[in-house]
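Each chain, written out:
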Amino acid sequence: MIMLRSPQLRRQVTQSFVCWRCIAKSQPVGTFHSRSQKRSGFREAAQRHFSGGRASRLEALSNVEVIPEPSPLPSTEPSLRARLRQWEKEHAETYVMAPALKENKMRRGDVLNNTTRPQPGAFQIEGEEEDDYEDFNMAAPIFDRGELVDVGSKRFFLLPGDLVELLSVGSRQQELAIFVRHVDFQSQFYTMSGRWVHRSEKHPQFYIPNFVGAHELEAIKEYLPQEAVPLELEDRLHSFEKVPPRNIGQPLTLKMTQFWAEADAAYQKAASRFDNAHRIVGHATRFTYATLEEIAQRALSGFVPKTDDGKFSDTVLYALHRSMLRDDIGFRVQAGRTMRAGGEYEINSIGEVNSINQVTHLVRTYREALVSFPEAIPNHPLTRFAKDARKLIAASRQSRQYTPWGVIGPYSGKEQGERHFRYGHPHKPFMSHMMPFLRFLESWAYLGSFSRYSSLNGVGSTILRAIGTYDDVPLDKKTACTALQELGAVPPWENRAAYELRLPQTGRRLASGLYLQKFSEDWKSSSYPDPGRSPDKLEHLRKDWGDLTVYCIDDASAHELDDGISVECTENSEEFWVHVHIADPAAHLDPKGRIGAAAERMSETVYLTERTVTMLDAEFVQDCSLTSGRPCLTFSAKMNLHGEILESTITPGIVRNVVNITYEVLKEVTTGLRSSQSISYTVGSNDVEPTPSRALVESDQLSDLSRKELGILEKIQQARWKYLGDRGGVFNRPPMSGLSVSFGGAPWERAVITDSFHYYGDPTIRLQFQETYDPNDLGLVACCMLVAAEVAGRWCSARGIPVPYRVTPSNPEMDPAEYFTNVYLPARDESGDVPLDIKMGYVRQIPSVQHSTTPGRHVALGMDMVARCTSPLRRFTDLLIHWQIEAALLEEHRLGHSLVGNTRDDFLPFSRARIDALLPRIAHREKLIAQTEDHSQRSWAINFLVRAWYFKEIELPPLTMSVRSVNPDSRLCGGVVEELLLGVQMYIPIGMDAEEIKVEDQFEVKIIELDHWGLVIYTELVRRIES
């Protein structure tokens, strides 16, 4: 047990903590390479041809600046150049690179000027804009990675011989490249123009698996760098120091140029279809989603020939991909997805594209008028908008102070209206001529409808410049957010989280209803004629659990009660039946009904800091939540005190004796320790304590039998965690802070979008964390949920039931089993702890977890198979598994025997092919929702600091930062402020060498800047704290 009863002791805790996000990154601890300048590419203007032919294309590629720095390969020629390079290597330590000018550092959300400040020679695997901030306090309680299953081409990692597309940073120039190998923590590529490039590991968004055989790359390897290149040489095209013979490199380049030429030819055959793909597949008013194959089927069928198997060739798909990305706003690659591995493109609505084009035209005419027709400026629509906007902003600043942090200040006026402050008070209606510009600013700043390299960023900047109230700040997305708040178009505490997820009834672009539909679906059709509610399908099969005590353990504020735990003794005093009882909405829902379809699109419940958006109807969730007299699906495991599962079964049932306790009561009963007090900081006075949704039992109200049963469960969970750790599981529970927001009990409502609103009050924001922290307490509930996941996986696997398993994909370049056996286990000390560098090395050997209908090991959890099934009220994959299991239970009852060994699926609601088609999108949604929930917390943390630090609503303690990473390139350190448990960045002072700063160093810092849009807290050094 680690006690945090003083700042000194808290420092002892956080010194040894490095978040799993950093561990998972393929960089050595002590440095990180998340760019302060992100490289996502600029979409060139639409044209009728991809290129003017091979000669002109290669000529254009040769115009990309090739940086003349020396290759890491040693030269064998005794030339002056070679001797100079050898001198550089020997004297490199004496060379100090001048730090980059502060004004040249790029931040998340900055607009890049590729005309006056181009970025020559820098190439990247096409990817999304990443977060600049590293919140070292957002690690999951269990590090969710891996399992050794061959997922074929549906993989998210590269293997030697894969073809990828590289994009130049500034010009949206494209070049094909073949992945050669990993060199330390970098990926090595051989390009179509006969050059090479290194970059840090990143998923491509277009790739062709197995484009060439791995054996075809063996000869070229000896001419390529054998070691990682310095950071400043990454992402740049390099010529060979030692030119490979023609017969080695030419076969590879010819294959790539031939693929490129075939893609050009496919485009030429139906250029109008390629160029008008968005008009063909886009919905009039809604965002829609589709894979590349689905878009091709809609846009190209009948115009471009298919292969013999009825599919489009890779060259056609690549031509379509290139054509779509030239559309600046029509298509958006989904962040973090491999687009040739089942990922989907977001297709903007035709209405929004038309609206953006309208505003773009108006801004263009405004610019032209400034130069050629100044007499037309006073009556121009942008001038009229700017004039009205200045009035609204001036009225806002009467009671809310402007800040440069991307969020305006708290209410300082005395006026109080009749409506609750959360809903605002109408100030003035927006005139019709203002609406297009407001919608454009919303698309730019909140929806992220176009990339940082898009020319449309300049349109947004021109609108802000015309308003004339933001002269001393960058005219970027952060300032656009501020403008919308001051205009009263969005609440002053608004953040991007709900927009990122495209949640319904958010802003002016997102309508209500089924907003996440496939473009092939008509949400108004009769595809789902009824809601899908039904009587209990398993009523005749349910077991009555009678007086067996079922413990529902959750926070007092929890409303969705998915699960409960019980235990039964057996004839063997060392063995027990552990039952995990799960709420059973699947028995009351038709998988093909409207409710099921909506749940599929939603993927899971979204928990934003300020509101919750449920996957299922909130009333239905309450009707199905686990409580006495409710149906359940019970996952049972016979376990011993070594943590092993000896037998398992699944039983539909009804629970009669539910006891609700909190985690604090569980801890007091199982350890004898009372819960520690929480450390909290609060701004605002509109706090309302949440009312528990059910009757809670305190520790002194529990019977002796209940105490005994909870004690047995505690012993089992401790043994189980050890058992999983011995089988390769690696777990982490870092100290974490939590944000809660209170609007005085007022529920969320959609804002009225026709008027400018004033808000006469602000929410209460509380930042808190526990004073006592035990890193080894992984939790009884988490343990039992994993037990249920393994029971579900075993049961379905034995019966041939296809369900979404979470597996570690097999990557021939990684061998976690060998590393665990030969390195990890021998490094354990008596308590089972492993040095951090060894643990990091092991984690890097585990490929990222993927969904699969093929069961297999989950390496990072130490489990044979994992099929998450314990949250059907809030997670669609769990609901799907319940539907599959219950259909199998009904079939077993009909047949009168077990389905073990079954190969049929005609009785199941979801076939294997149907689930395989769903998994890529579900995986993306889960990742996006987790990221967005983090963003929501982070946004409110910065809101809290704006009020606490900048407006001094409360006094903050002196801040101590523990270093977690050092970036010499950007001269920034990342770390955790121990007094608040928040991730921050610290500027490295001029005169201080970045090499002097080590991980776990401590500094007293002070906040100097906040970025609500980019989610970054910047600090500067006050003094070093000596250990």
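Keep in mind that this is a model prediction, so the values were computed, not measured.

Considerations on the sheet that holds strand 28 (residues 959-967)
A barrel is described by the order of its strands in space; here 5 strands give the closed sequence 28-29-30-32-31, paired in mixed fashion. The sheet shows a mean angle of 50 degrees between the axes of neighbouring strands, taken without regard to direction. Direction of pairing for strand 31 (residues 1002-1011) relative to strand 32 (residues 1016-1025): antiparallel, over a ladder of 9 bridges. The partner of E1009 across the bridge, within strand 32, is Y1018. Sheet strands in contact with helix 25 (residues 912-950) are strand 30 (982-987), strand 31 and strand 32, and its direction is about 95 degrees off that of strand 31.

Focus on helix 9 (residues 292-300)
All of the buried residues in helix 9 are L292, I295, A296, A299 and L300. For helix 9, the arc enclosing every buried residue in end-on projection is 100 degrees, short of the 170-degree limit, so these residues lie on one face. Tucked inside the fold, the buried residues of helix 9 contact helix 7 (271-275), helix 8 (277-281), strand 8 (288-291), helix 10 (314-326), strand 9 (331-333) and strand 10 (344-347).

A short note on the pairing of strand 6 (residues 196-200)
Buried residues dominate strand 6, accounting for 5 of its 5 residues. Taking every second residue as pointing to the same face, both faces of strand 6 are buried, with W196, H198 and S200 on one and V197 and R199 on the other. In this structure, strand 5 (residues 186-191) lies alongside strand 6, joined through 5 bridges in antiparallel fashion. Bridge pairing links Q186 to S200 in strand 6. Remark: 4 residues form the turn of the hairpin made by strand 5 and strand 6, two consecutive strands paired antiparallel; G194 in that turn has positive phi of roughly 80 degrees.

Some points on the packing of helix 11 (residues 350-372) against helix 14 (residues 456-467)
Helix-helix packing is described using two parameters, namely the angle between the two axes and the distance between the axes. It is the contact of helix 11 with helix 14, at a shortest axis distance of 10 Å, that shows an interaxial angle of 60 degrees. What the angle tells us is that helix 11 and helix 14 run oblique. Crossing geometry of helix 11 relative to helix 14 is assigned as left-handed. Every residue of helix 14 that contacts helix 11 at I356, V359, T360, V363, Y366 and R367 is listed here: L456, G458, V459, T462, I463 and A466. When the residues that make up the contact of helix 11 with helix 14 are grouped by side-chain class, the tally is 8 nonpolar, 3 polar and 1 charged.

Quick look at the confidence of the model for the protein
Taken over all residues, the pLDDT of the protein has a mean of 82, while the share at 70 or more is 81%. Low pLDDT, under 50, characterises residues 135-147; the predicted model gives this stretch 75 contacts beyond four residues in sequence or across chains. Low confidence marks residues 520-529, where pLDDT is under 50. Its contacts with residues over four positions away, or in another chain, come to 14 contacts.

A short note on a positive patch on the surface
Where like charges cluster on the molecular surface, the positive patch consists of K387, R390, K391 and K428. Of the residues forming the positive patch, the biggest block, 3 residues, is contributed by helix 12 (residues 381-396).

Some details on the packing of helix 17 (residues 594-602) against helix 24 (residues 876-895)
Interhelical geometry of helix 17 versus helix 24 gives an angle of 135 degrees and a closest axis separation of 9 Å. Relative to helix 24, the element helix 17 lies oblique. Of the residues in helix 24, those touching helix 17 at G596, A599 and E600 are F876, L879 and W883. Among the residues forming the contact of helix 17 with helix 24, the class breakdown is 4 nonpolar, 1 polar and 1 charged.

Considerations on the sheet that holds strand 22 (residues 738-742)
Strands sit in the order 21-24-22 across an open sheet of 3 strands; the sheet is antiparallel. Looking at the sheet topology across the chains shown, the edges are occupied by strand 21 (678-683) and strand 22. Between one strand axis and the next, the sheet turns through 20 degrees on average, direction left out of account. One ladder, built from 6 bridges, connects strand 21 with strand 24 (residues 764-770); its direction is antiparallel. Its bridge partner lying in strand 24, S678 is registered against Q770.

Remarks on the environment of F757
Tracing the chain through its elements places F757 in strand 23 (residues 755-758). Taking the C-alpha atoms as reference points, F757 and H427, 330 residues apart in sequence, are found 5.2 Å from one another. Non-local contacts of F757, meaning those with residues more than four positions away in its chain, are made with R419, Y423, G424, H425, P426, H427, G488 and V752.

Let's talk about the pattern of salt bridges
Per the counting criterion, the structure on display carries 35 salt bridges. Of the charged contacts, one joins D864 and R727 as a salt bridge, the two residues approaching to 2.8 Å between their closest N and O atoms. A residue pair is termed long-range when its members are at least 10 positions apart, and D864 in the loop between strand 27 (850-852) and helix 24 and R727 in the loop between helix 20 (704-726) and strand 22 qualify at 137 residues. Exposure remark for R727: the relative accessible area of 26% places this residue in the partly exposed category. Overlapping salt bridges, with partners in common, bring together E891, R894, R904 and D906 in one network.

Brief notes about the packing of aromatic side chains
Counted under the stated rule, the structure contains 31 aromatic pairs. For the ring pair F206 and Y318, a centre distance of 5.0 Å and an interplane angle of 45 degrees mean the geometry is tilted. Highlighted residues: F206 in the loop between strand 6 and strand 7 (207-208) and Y318 in helix 10, separated in sequence by 112 residues. By the burial criterion, F206 is buried, and Y318 matches it. Between Y267 and F274 the ring centres are 5.5 Å apart and the planes differ by 50 degrees, which places this aromatic pair in the tilted class.

So, unusual backbone geometry
At L981, a residue that is not glycine, the phi angle is positive and equals roughly 50 degrees. Looking at the secondary structure, you find L981 in the loop between strand 29 (972-977) and strand 30. Its identity is not glycine, yet L1015 carries a phi of approximately 65 degrees, on the positive side. Within the secondary structure layout, L1015 lies in the loop between strand 31 and strand 32.

Structural notes on the nonpolar core
I295, L300 and L320 are the most contacted members of the largest nonpolar core, which totals 50 residues. Those elements that place two or more of their residues in this core are strand 4 (174-183), helix 6 (246-269), helix 7, helix 8, helix 9, helix 10, strand 9 and strand 10. Element by element, the count of residues in this core is highest for helix 6, at 8 residues. Those residues in contact with L320, other than ones at most four positions away along the chain, are F274, A277, L292, I295, A296 and L300. By size, the runner-up hydrophobic cluster in this structure holds 49 residues, among which are I565, V567, L710 and I885.

Here is what the cut-offs are and how they apply
Residues numbered from 1 in each chain as written. Predicted model: local features only at pLDDT ≥ 70, side-chain atom pairs only at ≥ 80, totals over all residues. Heavy atoms only, no water. Pairing = 2+ DSSP bridges. Helix = DSSP H or I, 4+ residues; strand = E, 2+ residues; numbered from the N terminus. Axes fitted to C-alpha atoms, helices over the stretch in contact; angles between N-to-C directions. Contact = heavy atoms within 4.5 Å. Buried < 20%, exposed > 50% of the residue type's maximum accessible area, 1.4 Å probe, protein only. Arc of directions from axis to C-beta. Parallel < 35°, antiparallel > 145°, perpendicular 65-115°, else oblique. Left-handed = near helix turned anticlockwise from the far one by under 90°. Nonpolar A, V, L, I, M, F, W, Y, C, P; charged D, E, K, R; others polar. pLDDT = per-residue confidence, 0-100. Patch = residues over 30% accessible without salt bridge, like charges linked within 9 Å, V, L, I, M, F, W, Y side chains within 5 Å. Areas by Shrake-Rupley, 256 points an atom, 1.4 Å probe, with all protein chains shown as cover. Salt bridge = Lys/Arg side-chain N within 4 Å of Asp/Glu carboxyl O. Lys, Arg positive; Asp, Glu negative; His and termini not counted. Charge placed at Lys NZ, Arg CZ, Asp CG, Glu CD. Phe/Tyr/Trp six-rings, centres within 6.5 Å; stacked < 30°, edge-to-face > 60°. Core = buried A, V, L, I, M, F, W, Y, C linked by side-chain atoms within 4.5 Å.

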